[in-house]
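# Coordinate analysis (summary)
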Amino acid sequence: MSLIRVENLAKEYVNGEVVTPVLRGVSFTVEPGEFVAIMGPSGSGKSTLMHILSFLDRPSTGRYEFEGLDTSEFSDEYLAGLRNERVGFVFQSFNLLARTSVLDNVKLPLLYSRVKKSETLAKEALAAVGLSHRLDYFTNQISGGEKQRVAIARALVNNPAVLFADEPTGNLDSKSGNTVMQILQNLNDQGRTIILVTHEQETARHARRILRVKDGAILADERVLDRVLAFSDKELVK
Amino acid sequence: MFAVLKQSLRALSANKARTTLTTLGIVIGIATVILVLSAGAGFRSLIDAQVAAFGSNTLFIETRVPATTKQRAASGDNAYNQGALGVVINTLKDRDLQEIKKIPNVVNDYAMVTGQAVASYRDNQKNALFYGSTAERFEIDKHTLKAGRFYTAAEDVGAAQVAVLGSSLAKNLFNQDDPLGKLIRYGTLNFQVIGVYKPQGDITGVANDAVYIPMNTAQHKMLGIDHFSFVIVQVADIKRADETANQIKLLLRSNHDILSPEKDDFIVQTQAEALATFNTIFGGITILLIAIAAISLIVGGVGIMNIMYVVVTERTAEIGLKKAIGATNKDILREFLTEAVLVTVLGGILGIMLGALLGYVVSIIATAAGLEWAFVVPFNAIALAVAVSATIGIGFGVLPARSAARLDPIEALRYE
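Given the structure is predicted, the values throughout are model-derived calculations rather than measurements.

What counts, and at which threshold
Residue numbers run consecutively from 1 along every chain, following the written order of its sequence. Naming scheme: in the order in which they are written, chains are lettered from A and ligands are numbered from 1. Given that the model is predicted, a residue must reach a pLDDT of at least 70 before its local features are reported, and side-chain atom pairs must reach 80 or more before they are shown or counted; all residues, however, enter totals for whole chains, interfaces and linings. To get the side-chain values, take all heavy atoms of the structure and skip hydrogens and water. Here, residues are in contact when the closest pair of their heavy atoms is within 4.5 Å. The term buried area refers to how much accessible surface (probe radius 1.4 Å) is lost by two components on association, counted for both of them together. Each reported salt bridge corresponds to a side-chain nitrogen of Lys or Arg within 4 Å of a carboxyl oxygen of Asp or Glu. Here a polar contact is taken to be a pair of N or O atoms separated by no more than 3.5 Å, where protein atoms must pair a possible hydrogen donor with a possible acceptor and residues adjacent in sequence count only if both atoms sit in side chains. Helix and strand definitions here come from DSSP, where helices need a minimum of 4 consecutive H or I residues and strands a minimum of 2 consecutive E residues; each element is numbered from the N-terminal end. For this scheme, ten residues count as nonpolar: Ala, Val, Leu, Ile, Met, Phe, Trp, Tyr, Cys and Pro. Four count as charged, namely Asp, Glu, Lys and Arg, and the remainder, Gly too, count as polar. When DSSP finds at least two bridges between two strands, those strands are taken to pair. Within the patch definition used here, like charges are joined within 9 Å and nonpolar side chains (Val, Leu, Ile, Met, Phe, Trp, Tyr) within 5 Å, considering only residues with over 30% relative accessible area and no salt bridge. The Shrake-Rupley method, run with a 1.4 Å probe, gives the accessible areas here. Residue values count only the displayed protein chains as cover. The classification of residues rests on relative accessible area computed with a 1.4 Å probe and restricted to protein chains. Under 20% of the type maximum is buried, over 50% is exposed, and intermediate values are partly exposed. Working rule for helices: expected span equals 1.5 Å times residues minus one. pLDDT expresses, on a scale from 0 to 100, how confident the predictor is about each individual residue. Residues belong to a common nonpolar core when they are buried Ala, Val, Leu, Ile, Met, Phe, Trp, Tyr or Cys residues joined through side-chain atoms within 4.5 Å.

Turning to the interface of chain A and chain B, a few remarks are in order. Residue-level contacts link 21 residues of chain A with 25 residues of chain B. Taken over both partners, the interface formed by chain A and chain B buries close to 2,000 Å², and the fraction arising from carbon and sulfur atoms is 60%. Three residues, A:Leu56, A:Arg99 and A:Tyr112, lead the burial of chain A against chain B; their summed loss comes to 27% of the area buried on that side. Our count for the chain A to chain B interface comes out at two salt bridges. Our count for the contact surface shared by chain A and chain B stands at four residue pairs in polar contact (both at pLDDT 80 or more). Looking at the side of chain A that touches chain B, the elements with two or more residues in it are α2 (76-85) and α3 (102-113) of chain A. Among the residues forming the side of chain A that touches chain B, the class breakdown is nine nonpolar, five polar and seven charged.

Okay, structure coming up:
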């Protein structure tokens, strides 16, 4: 069973009389354990595609099956539950809560799933990204690279089936960006499914497979032959 | 729930100045409500003390000038203009007093006259009111003495020159000296001080400055009259007070040769009537003041709504993130409502403290003025204040919270 199966997925925005198609019939599957980069220039529809795949948006037409189930019948509340428990998000601008400790940020998703042992789970997730020494720091006291690693820990804390990373290195210097990419590659090596959205060829080459999107359609679906491996920095990542 | 509370507290403490200013409207409104109810309870305790002192089971008979048609047109039906018109009603006499005593429900009664003269002891002088009354006064009036004794019926019959002093007057005339047994000059006569009252709560403020002397002494030696100004009647069963009042009216009309109630030269008032009048006025004033406080609460609520809308805009990105990681609309609604209710309840608690403090200050001032004023913050006033402030939080917080809950997560995430 595929983790994700989309068939003829289309999305259009209607503004009065003007209909703007954003996705025009996209089909592909993602198997568990894959590392897929969705790549394309801005306006290509890659973000809309990611929003639909991650249950933030619904398609206009077409079919989206997640873990073998048709998502069109899910209620908004059920979709919120899926976002909470089955997927994780990493954003370009980190989106951490200000004036809040690193630990509390990572505990946030567990607040909405009403998990009891949130403290332990959050500490484990932070250990996995090498931030056990920053638990009580406030998010304005840590570096950009560390912020993104907190965001990754937050995405992992509910042990999701798939991790969505939307331009995760876009706001980082190359060294921090490398660390983040290396964490993602490590997670994938351990079996985590990762879907990366980016407009950069260089970043996309960290994945194992690239879906090239342009004008709302998939131009190419290719294996990455010359895969970039982020350099190993044992100081930062276990 | 605890985690939600913690989040709200963090959000509020992040902007302390704004939170404080936002609560101000609620603080003032709630403080006003508490002050009104607290001072109201204090005032009521004062009235209760007065009623208890006179005995709640008493009737007052007061002389009154019967209004002629002309007077009624000119000045209304006013019992208190007799002095101004130079008319003195001199029909209320000892015969009335004795016959009232024989009415079945009547336990006891006493008569009273009043006047004014200068009291002096050595170098100290004070203009003081006197109450001349028959000795039965002390069986009905429950105010007790600090020192000495009351005058007796025998002293009254003999028109003895003995006096019981109000507490302030005793202090003014004698300072630290013991007044008992001393002679004071009062008007043109010498009186021996035989007793001093304890301080008594009195809205008119004159009771503590007065001289209390036997009826006959007052009538014959001070005033040169043989009638009374007031008669105070104690009844056995207050529930039958109206019936007794009617019997007294009939008796007085027959004694005074009055043919129609319009020509009455007296009025009979029951404590219950006086209390009912008081309660009506007092209730009206309370409602008026609370209505004014309610306006402040509404203004405070609108302020909170305004700030909550600002907060929603400020935290758009945060709301987007929370929705992305699985918060439902209900979760977001609950978070913002919690925050709004927290602000208002906080304001409510501050308001209760401020209102109680002001009520305490009022009680201190009232006590200093010699009134028997109890400081009370009624428990139901506190419960009301908390309930009202929480309701305002929900009422005025629900619209901003709903607009937060309905934000589109994709739009919200993009918001910078």
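Quick look at the sheet that holds strand β2 (residues 18-30) of chain A now. Residues and elements named next belong to chain A. Taking strand neighbours across the sheet as the criterion, the four strands line up as β2-β1-β4-β5 in an open arrangement whose pairing is antiparallel. If you trace the sheet from one side to the other, it starts and ends with β2 and β5 (69-70), each paired once. Of the pairings in the sheet, the one linking strand β4 (residues 61-66) to β5 comprises two bridges and is antiparallel in character. When the sheet's bridge partners are listed, phenylalanine 66 is paired in β5 with leucine 69.

Turning to a nonpolar patch on the surface, a few remarks are in order. All names here are of chain B. On the surface, Ile281, Ile285, Leu288, Leu289 and Ile292 cluster together into a nonpolar patch covering about 460 Å² of accessible area. Relative to the helices and strands, isoleucine 281 is located in helix α11 (residues 271-314). Classification of isoleucine 281 by relative accessible area gives exposed; the value is 51%.

Now for unusual backbone geometry. For A:Phe94, which is not a glycine, the phi torsion comes out positive at approximately 65°. Overall, A:Phe94 belongs to the buried group, its relative accessible area being 11%. One non-glycine residue, B:Ala159, lies in the positive phi region at around 50°. Relative to the helices and strands, B:Ala159 resides in the loop between α7 (153-157) and β5 (162-165). Looking at B:Ala159, the relative accessible area reads 12%, which means it is buried.

The next thing to look at is helix α10 (residues 241-255) of chain B. All names here are of chain B. Under the 1.5 Å per step criterion, the end-to-end length of α10 is 21 Å for 15 residues, consistent within 8% with the ideal 21 Å. Along α10, the positions that sit buried rather than exposed are Ala241, Thr244, Ala245, Ile248, Leu251, Leu252, Arg253 and Asn255. Residues of α10 that are buried in the fold lie against β1 (58-63), α5 (94-100), β2 (106-121), β9 (230-235) and β10 (266-270). Aspartate 257 occupies a position one or two residues after α10 and carries a positive phi of about 55°.

Our focus in this paragraph is the confidence of the model for chain B. Residue and element names in this part refer to chain B. In the predicted model, chain B carries a mean pLDDT of 85, and the fraction of residues at 70 or more is 92%. Predicted confidence is poor over residues 71-82, with pLDDT under 50, and the contacts of this stretch with residues over four places away or in other chains come to 16 contacts. Interface scoring of the predicted complex returns ipTM 0.91; its pTM is 0.71.

Along α2(A), the residues classified as buried are A:Leu79, A:Ala80, A:Leu82, A:Arg83 and A:Asn84. Of the surrounding elements, those touching the buried residues of α2(A) are β6 (87-90) and α3 of chain A together with α12 (316-324) of chain B.

Take the pairing of β2(B) next. All names here are of chain B. Most of β2 sits inside the fold, with 12 of its 16 residues counted as buried. Where β2 lies against β9, six bridges are found, and the strand directions are antiparallel. Note on β9: the bridge partner recorded for aspartate 109 is valine 233. Across 10 bridges, β2 lies against strand β3 (residues 124-133) in antiparallel orientation.

Keep in mind that low pLDDT regions are not for reading the predicted coordinates in detail. Chain-level statistics for chain A give a pLDDT mean of 92 and a share of 97% at 70 or above. In this model residues 234-238 of chain A is a low-confidence stretch, pLDDT under 50, and it forms 10 contacts with partners more than four residues away in sequence or in other chains.

What follows covers the environment of A:Tyr112. Assignment of secondary structure puts A:Tyr112 in helix α3. Sequence separation between A:Tyr112 and A:Asn84 is 28 residues, and the spatial gap between their C-alpha atoms is 7.4 Å. Discounting residues that sit within four places of it in the chain, A:Tyr112 has contacts with A:Asn84, B:Lys322, B:Gly326, B:Ala327, B:Asp331 and B:Glu335. At a separation of 2.4 Å, a polar atom in the side chain of A:Tyr112 contacts the side chain of B:Glu335.

The next subject is the nonpolar core. A:Ile4, A:Leu53, A:Tyr64, A:Phe66 and B:Phe336 are the most contacted members of the largest nonpolar core, which has 66 residues in total. The element best represented in this core is helix α14 (residues 379-405) of chain B, accounting for seven residues. With sequence-adjacent residues up to four places away left out, A:Tyr64 is seen in contact with A:Ile4, A:Arg5, A:Val6, A:Leu9, A:Ile52, A:Leu53, A:Phe55, A:Leu69, A:Asp70 and A:Thr71. Counting residues in each nonpolar core, the second largest holds 42 residues, with B:Ile61, B:Ala128, B:Val231 and B:Val235 among its members.

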